[in-house]
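Analysis of the macromolecular model
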Amino acid sequence: DLNAIADRVDKQIEILLVGGDKQYRTRQNRVRIISIGRLQASGMKHAYASADMAVIASSQEPWGFVFNEAIRPCVVSEYAGSSTLASLFGLSYTPGAPSSLEAALHQALSISAEDKEKLSMHLSVPRAAKNFVDFAQSLTTAGSQNCVDY
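What counts and how
- Residues numbered from 1 in each chain as written.
- Predicted model: local features only at pLDDT ≥ 70, side-chain atom pairs only at ≥ 80, totals over all residues.
- Heavy atoms only, no water.
- Helix = DSSP H or I, 4+ residues; strand = E, 2+ residues; numbered from the N terminus.
- Buried < 20%, exposed > 50% of the residue type's maximum accessible area, 1.4 Å probe, protein only.
- Contact = heavy atoms within 4.5 Å.
- Areas by Shrake-Rupley, 256 points an atom, 1.4 Å probe, with all protein chains shown as cover.
- Arc of directions from axis to C-beta.
- pLDDT = per-residue confidence, 0-100.
- Core = buried A, V, L, I, M, F, W, Y, C linked by side-chain atoms within 4.5 Å.
- Salt bridge = Lys/Arg side-chain N within 4 Å of Asp/Glu carboxyl O.

Here the focus is the overall build of the protein. Across its full length, the protein carries seven helices and six strands. Scanning the protein from its N terminus toward the C terminus, one meets helices and strands in the order α-β-β-β-α-β-α-β-α-β-α-α-α. The buried share of the protein, reckoned over its 150 residues, is 30%. The contacts of the protein with a sequence gap of at least 6 include a subset with a gap of at least 24, amounting to 31%. Carbon and sulfur atoms make up 54% of the accessible area of the protein, which totals about 9,700 Å².

Mapped onto the secondary structure, Lys 118 falls in helix H6 (residues 113-122). Residue classification places Lys 118 among the partly exposed positions, given a relative accessible area of 41%. Considered as a pair, Lys 118 and Phe 89 are 29 residues apart in the sequence and their alpha carbons are 9.2 Å apart.

In this section: helix H1 (residues 2-9). Within the span of H1, buried status applies to Asn 3, Ile 5 and Ala 6. One side of H1 holds all its buried residues, which, seen down the axis, span an arc of 160°. Of the surrounding secondary structure, the elements contacted by the buried residues of H1 are strand S1 (13-17), strand S2 (23-28), strand S3 (31-36) and helix H5 (98-110). Looking one or two residues past H1, Asp 10 carries a phi angle of roughly 55°, positive in sign.

A separate point is the confidence of the model for the protein. Mean pLDDT over the protein: 78, with 82% of residues reaching 70 or higher. The lowest-confidence element of the protein is helix H3 (residues 65-69), averaging 64 in pLDDT; the highest-confidence one is strand S6 (residues 92-93), averaging 91.

Attention now goes to the nonpolar core. Formed by 25 residues in total, the largest nonpolar core has its most connected members in Ile 13, Val 75, Phe 89, Leu 91, Leu 101 and Leu 119. Those elements that provide at least two residues to this core are H1, S1, S3, helix H2 (41-50), strand S5 (74-77), helix H4 (83-86) and H5. Ranked by residue count, the leading element in this core is H5, at four residues. When residues no more than four places from it in sequence are discounted, the contact partners of Phe 89 are Gln 107, Ile 111, Asp 115, Lys 118, Leu 119 and His 122.

Moving on, we get to the pattern of salt bridges. Going through the model one piece at a time under the given rule, you end up with four salt bridges. Between Arg 32 and Glu 14 there is a salt bridge, and its shortest N-O distance comes to 2.6 Å. You can see Arg 32 sitting in strand S3 and its partner Glu 14 sitting in strand S1, a full 18 residues away along the chain. For Arg 32, a relative accessible area of 24% puts it in the partly exposed group. Between Glu 114 and Lys 118 there is a salt bridge; the shortest N-O distance is 3.3 Å. Here the residue Glu 114 and the residue Lys 118 both occupy positions in helix H6, the gap between them amounting to four residues, near one helical turn.

One non-glycine residue, Asn 29, lies in positive phi territory at about 55°. Along the chain, Asn 29 falls in the loop between S2 and S3. The exposure class assigned to Asn 29 is exposed, which follows from its relative accessible area of 63%.

This is the structure we're talking about:
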């Protein structure tokens, strides 16, 4: 998907991969990939701060706390659990469909300050904790209740 976008915009794309056991560098057509392996929390903060955006390309994932940790708009695969929220802001894409990835990347680079604020409110840890507590309490209460999705 990224090679198709790099060809269309006539630019090299550089990807910094974080996580996994291996460190390596490679190039696939116009996409340069640098894998730095696992990082401690302080290293993750630096990696996110140095990137233009974060892309979560998981084929399956229950939520993707990386989405919360990045402190910036992230583009996520529609298969990541966080795509429910990302899609509200145009930040999810369909793997194998370069045009949907390109649209999500463009949205991440041009997201308004207002939408960034709304997104950060959705991702707040206190909000998530309150929603979880509400859900847990609903399990001990008779009757049906609506619980807010994290």
